[in-house]
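Observations on chain architecture
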Amino acid sequence: MISRTVVRRGLRLVALALAVVVALVGLVAGAFRVQFTGAPAGWAKSTGHDALWMGHMWVDGRRAEADVAALAVRLRRTGIKDLYVHAGPFEADGRLDPAKYPNGRNFVAWVRQHLPGVRVSAWLGQKVDGVLDLDDARSRANVLDGVREIMKTGFDGVHYNFEPLGSGDEEFLDLLDRTRPLTRLLSTSTPQIEPFPLMRPATRAVLDHDKYWSQDYFRSVAQRVDQVAVMAYDSGMPLESLYGGHVVRQAVLALDLVPPDRQLFVGAPAYHDHGLPLGDSAESVAVTARAARLALSEHGRRERFGLAMYVDFAATEQDWREYATHWLI
């Protein structure tokens, strides 16, 4: 029979552990709040190197040239110079069925005509936690075969989006190395960078996969591509001040880790179904833009830095106004 003394000691240890967790959460929240203070420098804004993630309807036949012409009217007033159009996903064995992008060649041609100077990358990916196994060499070879074929349709590049990718995944690095010779422009979206020590193992214990990448692994990926888009949204932060500070921290870290000759994008959430009501209210294009400006002000001028809007089919007029008023001006 367990004595009362042992029970009391156990309860004290549990209470102490909870107090430590609460204190650490408070410290992190305080750090994020501080990051999202002050005024950004006047020069810290879009340099005309922004991006837009776009839905599958542009390459599967649901959109025509008239739609691209209408899109061009909006985009000409922005700094968006890169389009990531969804052309996948890969099959479970890594194959990419050309039937997924029957209108790909036309879409690229229409963008060339109506938006000269804007690059178009095929956005390709798949879930890697039970669907596509990137550890399998045959699957990676199939992915590369799919890249070869889709590049023949005229795309400027390939934009990878595999989720959830664990920090330190060597097979993904191998895939990037082998994709490099196949495309003129190689980009990838990435998870968030570990904001502070021990946050990666703590969140992994809860989620059973990496929410954050280590700084070293993020740097290794950035060195292998032309463009990096940090998915800074879906942060789980319940307040604008915390989300804003989180984005500042992500952008500052990324600015230090991405080589200056590569393009760095900070993902801006132009969608409104985060799954948590608090996420819908805390995360916005406006807050992301101000956070990016604060990060840029802290880091110093950088030409190849911008926002990547996610995603065209969910973006509202309010999202576009926030992008224009908080980032372009």
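Notes on the structure in this doc start here. Just so you know, these numbers come straight off a predicted model, no measurement behind them.

As a further point, take the pairing of strand β10 (residues 305–310). Summarising burial for β10: 5 of the 6 residues are buried, a large majority. Relative to β10, strand β1 (residues 50–54) runs parallel, the two sharing 2 bridges. When the sheet's bridge partners are listed, Leu52 is paired in β10 with Met309.

Looking now at the pattern of salt bridges. One pass over the full model with this rule turns up 19 salt bridges. In this structure, the salt-bridge partner of Arg119 is Asp82, at a minimum N-O distance of 2.9 Å. Of this pair, Arg119 sits in strand β3 (residues 119–127) while Asp82 is found in strand β2 (residues 80–86), placing the two residues 37 residues apart along the sequence. Take Asp82: its relative accessible area is 2%, and that puts it in the buried class. Taking the shortest distance from any N to any O, the salt bridge between Asp174 and Arg140 comes out at 3.1 Å. Taken as a pair, Asp174 in helix α5 (residues 170–179) and Arg140 in helix α4 (residues 137–151) lie far apart in primary sequence, 34 residues in all. The exposure class assigned to Asp174 is partly exposed, which follows from its relative accessible area of 27%. What you see here is one network of salt bridges that share partners, running through Arg112, Asp156 and Arg184.

Calculation notes
Residues numbered from 1 in each chain as written. Predicted model: local features only at pLDDT ≥ 70, side-chain atom pairs only at ≥ 80, totals over all residues. Heavy atoms only, no water. Buried < 20%, exposed > 50% of the residue type's maximum accessible area, 1.4 Å probe, protein only. Helix = DSSP H or I, 4+ residues; strand = E, 2+ residues; numbered from the N terminus. Pairing = 2+ DSSP bridges. Salt bridge = Lys/Arg side-chain N within 4 Å of Asp/Glu carboxyl O.

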